[in-house]
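Remarks on the overall topology
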Amino acid sequence: MTTDIKAIGERIKGLRDAVDFTPDEMAQRLELETDTYLGYEEGANDISISLLKRIEKEFNVDLATLMFGTEPKMSSYFVTRKNQGLAVERVSAYKYQSLVSGFTNNMAEVFIVTVEPKPMETDFFVNIHPGQEFNLVLEGSLLFHHNGKNITLNEGDSIYFDSSLPHGMKALNSKPVKFLAVVIQP
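Parameters at a glance
- Residues numbered from 1 in each chain as written.
- Predicted model: local features only at pLDDT ≥ 70, side-chain atom pairs only at ≥ 80, totals over all residues.
- Heavy atoms only, no water.
- Pairing = 2+ DSSP bridges.
- Helix = DSSP H or I, 4+ residues; strand = E, 2+ residues; numbered from the N terminus.
- Axes fitted to C-alpha atoms, helices over the stretch in contact; angles between N-to-C directions.
- Parallel < 35°, antiparallel > 145°, perpendicular 65-115°, else oblique.
- Left-handed = near helix turned anticlockwise from the far one by under 90°.
- Contact = heavy atoms within 4.5 Å.
- Nonpolar A, V, L, I, M, F, W, Y, C, P; charged D, E, K, R; others polar.
- Expected span 1.5 Å × (residues − 1).
- Buried < 20%, exposed > 50% of the residue type's maximum accessible area, 1.4 Å probe, protein only.
- Core = buried A, V, L, I, M, F, W, Y, C linked by side-chain atoms within 4.5 Å.
- Polar contact = N/O pair within 3.5 Å; in protein donor to acceptor, adjacent residues only side chain to side chain.

**Some words on the sheet that holds strand E9 (residues 167–171)**
Ordered by their spatial adjacency, three strands build an open sheet running E7-E6-E9, and the pairing between neighbours is antiparallel. Of all the strands in the sheet, just strand E7 (149–154) and E9 have a single pairing partner and so form its edges. Adjacent strand axes in the sheet meet at a mean angle of 25 degrees, parallel and antiparallel pairs treated alike. Bridge analysis of strand E6 (residues 141–146) against E9 gives five bridges, and the strand direction is antiparallel. Residue Leu143 lies in a different strand from E9, and its bridge partner there is Lys170.

**Re the packing of helix H1 (residues 5–18) against helix H4 (residues 49–59)**
Two numbers describe how H1 lies on H4: the axes approach to 12 Å, and their chain directions differ by 20 degrees. Taken together, H1 and H4 sit at an angle that is classed as roughly parallel. You can see that H1 and H4 cross each other, and the crossing is left-handed. For the pair formed by H1 and H4, the contact residues are Ile8, Ile12 and Leu15 on the first element and Leu52, Ile55 and Phe59 on the second. Looking at side-chain class alone, the contact of H1 with H4 contains six nonpolar, no polar and no charged residues.

**Some remarks on H1**
Because an α-helix completes one turn every 3.6 residues, residues spaced three or four positions apart along the sequence face the same direction. Taking 1.5 Å of rise per residue, 14 residues should cover 20 Å, and H1 covers 20 Å from first to last C-alpha, within 8% of that figure. Residues Ile5, Ala7, Ile8, Gly9, Ile12, Leu15 and Arg16 constitute the buried set of H1. Within two residues after H1, Asp20 carries a phi angle of roughly 60 degrees, on the positive side.

**A short note on the environment of Ser158**
Looking at where Ser158 falls in the secondary structure, it is placed in strand E8 (residues 158–162). With 23 residues separating them along the chain, Ser158 and Asn135 place their C-alpha atoms 5.4 Å apart. For Ser158, the residues in contact, after removing those within four places along its chain, are Phe134, Asn135, Leu136 and Leu153.

**Structural notes on the nonpolar core**
One finds Ile12, Ile47, Leu52, Ile55, Val113, Val115 and Leu142 to be the most contacted residues of the largest nonpolar core, which totals 37 residues. Once you skip the residues sitting within four places of it in the chain, Ile55 turns out to touch Ile12, Leu15, Leu30, Ile47, Asn60, Val61 and Leu66. Counting residues in each nonpolar core, the second largest holds five residues, with Val100, Val110, Leu180 and Val182 among its members.

**Details of the side chain of His129**
Among the secondary structure elements, His129 is positioned in the loop between strand E4 (108–115) and strand E5 (132–139). A polar contact of 3.0 Å, which involves the side chain of His129, links it to the side chain of Glu133. Residue contacts for His129: discarding those within four places in its chain leaves Ser50, Ser163, Ser164, His167, Val183 and Gln185.

What follows is the structure in structure tokens.
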């Protein structure tokens, strides 16, 4: 199953309607400009995992519900079969496949992330979110950018880092790269 940024925006709008907030009230609660917030609802603006996690905490709604429209039900274990995790094309830079979408109250988000190759002169898509993150390259090579430093990671390499600092990735060698991402938030 694949979803996209417009579907996420529709779910955020539905959440806003459910809590009976105006766009201005929702934007204020999330510390955003109203136009920026409305861009998320319309699917016109990329929405970061960090903002989705903030919405999750502020409104007590599971990340899987925001990203995939599903309600996690499992509390003792959850199995994701090979290539069967819920997928989202959240931004054109990255494709996410959740490996924990059916587990409720999870303490970490776990994804298989695919980064498609772009021209090397293309800027990094930079992300910032609270907590820490672990990435393990499964296929290909990537240029990992962390707080101004660039590090090349090849298949089998991993990195554990402070995700509250700017970070991003680029696929190398004109080939897509897949990596396991474990996001741990405080």
